[in-house]
Amino acid sequence: MQHPHAATDPFLTFRNVKKTYDQQSLVVKDFNLDVNKGEFVTLLGPSGSGKTTVLMMLAGFENVTSGSISVNGSPITATPPYKRNIGMVFQNYALFPHLTVAENLAYPLKVRNIPRAQIKQKVAEYLKLIEMESFGNRHPAQLSGGQRQRVALARALIFEPTLVLMDEPLGALDKKLRENMQFEITRLHQKLGFTVIYVTHDQVEALTMSSRIAVFNQGKVQQFAAPSELYERPANAFVASFIGENNLIPAAIENIDRNGVVQAKLANGTVINALNGNCTPSDAHCIISVRPEKLRYHQDGSEANGEPTQQTNQLAVTFVTRHYVGDFIRDFFSLPASTGATPVPTSGATPPVTLTTKTLNGLQAPTFREGQSAELCWQHTDCFAFQPDASSLEGD
């Protein structure tokens, strides 16, 4: 959700930030980012993509190899961690086990020499804020995982930090607790308006909580945008494959017209129209990307959700299997054998292309027998043609 901000200048900036541990390979490559005051920005990516390293450099726990980081226009690259006025929330809570909940909350205020009466008032205020007024005298071992994480969050906020950094804070919680804490963090962010840099590899967390998301891969930001834009208008094949579910089909480019529509031929000879994601006139191959929920069934010459038009792609497939997920049904289809068109070359054996559809439970989705032929259709405006990306095809 977007948080309003009064200033036009970025609150937090990264300029040409690089990080190497061995002076040979870069873990973070030329990182640039502008964050507005009050935003909830998530750094999202697979393990080893560089997102946690960026967070550690911002906190001051890792040195910056080159480039600069500024907060409110002032560079902090050379500022020691304890002078950066940053709150941290870790996955393992990092609470002091020998201190009570109230004493844990009081600790960052004591080290800042806040008067005792003010500390007592602040602790009471934040215990109420996290709805744990009656837990002040308990020790961390006497709390549930969700309660410990709420205390850790309150401790990071109680001294009114310039920034709050969260390093996969919900990773140790089960699904229900994780969802509850997503709501809790979002509620506090809305109420207090603090600026958050949040690191996760969980895309649902990122899409649910963030103002904007920076998608990382191999040390570089692939796209920085609002959740809806990342999902509906991914910048490249990696973002399309990493954010949500997606069908990725190798194809050979036949034409790119002046309206930004790509005509591409699949390995079985079917021609598909798609919006141009990032292909250039010199590209011979592409990846066709279409979300499972955009695919519809076309049987016996009639489409399940309306009549096909000139801009509707149609593709003959073979039913493989069905997964009943509860709130929706996921069907899997395979593409027929190649008829000689040249697909995107890949290293090693080319994996079979499988298409997935998602239908809400209760919408009378047609049923299929294993091996039954079917036809899927979708609008050309619901799919994109991207330059081939090995990681998007092979998985992380």
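Look above for the structure.
Residues numbered from 1 in each chain as written. Predicted model: local features only at pLDDT ≥ 70, side-chain atom pairs only at ≥ 80, totals over all residues. Heavy atoms only, no water.

Colleague: How should I be thinking about the overall build of the protein in this particular structure?
Modeller: Looking only at helices and strands, one finds nine helices and 21 strands in the protein. Residue burial in the protein is summarised as follows: out of 396 residues, 48% are buried. Within the protein, counting contacts between residues at least 6 apart in sequence, those at least 24 apart form 71% of the total. Summed over all atoms, the accessible surface of the protein reaches about 19,100 Å², with 49% contributed by carbon and sulfur. (Helix = DSSP H or I, 4+ residues; strand = E, 2+ residues; numbered from the N terminus. Buried < 20%, exposed > 50% of the residue type's maximum accessible area, 1.4 Å probe, protein only. Contact = heavy atoms within 4.5 Å. Areas by Shrake-Rupley, 256 points an atom, 1.4 Å probe, with all protein chains shown as cover.)

Colleague: I keep staring at the pairing of strand S4 (residues 66–71) and nothing clicks. Help me out?
Modeller: Along any regular strand the residues' side chains alternate between the sheet's two faces. Pairing of strand S1 (residues 12–20) with S4 involves five bridges; the strand directions are antiparallel. Opposite Thr13, over in S4, you have Ser70 as the bridge partner. Taking the residues between adjacent antiparallel strands as the criterion, S4 and strand S5 (residues 74–75) are bridged by two residues, where Asn72 takes a positive phi near 55°. (Pairing = 2+ DSSP bridges.)

Colleague: I keep staring at helix H3 (residues 116–129) and nothing clicks. Help me out?
Modeller: An α-helix turns once every 3.6 residues. As a result, residues three or four positions apart point the same way. In a regular helix each residue adds 1.5 Å, so 14 residues correspond to 20 Å; H3 covers 20 Å between its end C-alpha atoms and thus fits that length. Buried residues of H3: Ile119, Lys122, Val123, Tyr126, Leu127 and Leu129, and no others. For H3, the angular spread of buried residues about the axis comes to 155°, placing them on one side. Away from the buried face of H3 by more than 90 degrees, exposed residues Ala117, Lys120, Gln121 and Lys128 are located. Packed against the buried residues of H3 are helix H2 (101–110), helix H4 (145–157) and helix H5 (175–192). Count one or two residues on from H3 and you reach Glu131, which has phi positive near 60°. (Expected span 1.5 Å × (residues − 1). Arc of directions from axis to C-beta.)

Colleague: Just to check I follow, could you spell out the packing of H4 against H5 for this structure?
Modeller: When two helices pack together, you describe them by how their axes are tilted relative to each other and by the distance separating the axes. In contact at an axis separation of 10 Å, H4 and H5 are set at 20° when each is read in the N-to-C sense. The angle between the axes of H4 and H5 places the two elements in the roughly parallel class. Of the two elements, H4 crosses H5, and the hand of that crossing is right-handed. Taking contact as the criterion, the partners of Gly146, Gln149, Arg150, Leu153 and Leu157 in H4 are, on H5, Leu177, Met181, Glu184, Ile185, Leu188 and Leu192. (Axes fitted to C-alpha atoms, helices over the stretch in contact; angles between N-to-C directions. Parallel < 35°, antiparallel > 145°, perpendicular 65-115°, else oblique. Left-handed = near helix turned anticlockwise from the far one by under 90°.)

Colleague: Whenever I open this one, the pattern of salt bridges confuses me. Can you help?
Modeller: Between side chains of opposite charge, pairing is possible as soon as their charged atoms come close. Under the counting rule described, the total for this entry stands at 11 salt bridges. As a salt-bridge pair, Arg15 and Asp34 come within 2.8 Å of each other at their nearest N and O atoms. Here Asp34 lies in strand S2 (residues 26–35) and Arg15 lies in strand S1, a separation of 19 residues in the sequence. For Arg15, a relative accessible area of 34% corresponds to the partly exposed category. Classification of Asp34 as partly exposed rests on a relative accessible area of 29%. Arg212 is the partner of Glu39 in a salt bridge, and the nearest nitrogen-oxygen pair spans 2.8 Å. Residue Glu39 is found in the loop between S2 and strand S3 (40–44), and its partner Arg212 is found in strand S9 (residues 212–217); the two are separated by 173 residues along the sequence. Residues joined in a network through salt bridges with shared partners are Glu245, Arg330 and Lys358. (Salt bridge = Lys/Arg side-chain N within 4 Å of Asp/Glu carboxyl O.)

Colleague: Which parts of the structure should I look at to understand the nonpolar core?
Modeller: Nonpolar side chains in soluble globular proteins generally cluster together in the buried interior. By size, the foremost hydrophobic cluster in this structure holds 36 residues, and its most contacted members are Val151, Met166, Ile185 and Tyr198. Among the elements of the structure, H2, H3, H4, strand S7 (163–167), H5 and strand S8 (196–200) are those that each provide at least two residues to this core. A per-element tally of this core places H4 first, with six residues. Among all residues touching Ile185, those that are not within four sequence positions of it are Phe40, Leu153, Met166, Leu170, Tyr198 and Met209. Counting residues in each nonpolar core, the second largest holds 28 residues, with Val54, Ile69, Val199 and Phe216 among its members. (Core = buried A, V, L, I, M, F, W, Y, C linked by side-chain atoms within 4.5 Å.)

Colleague: Could you clarify how one ought to interpret the packing of H2 against H4 in this entry?
Modeller: At a minimum axis distance of 8 Å, the contact between H2 and H4 shows a crossing angle of 25°. Between H2 and H4, the angle is such that the two are roughly parallel. In the crossing of H2 with H4, the sense of the turn from one axis to the other is right-handed. Packed against H2, whose contacting residues are Val101, Asn104, Leu105 and Pro108, the element H4 presents Val151, Ala154 and Arg155 at the interface.

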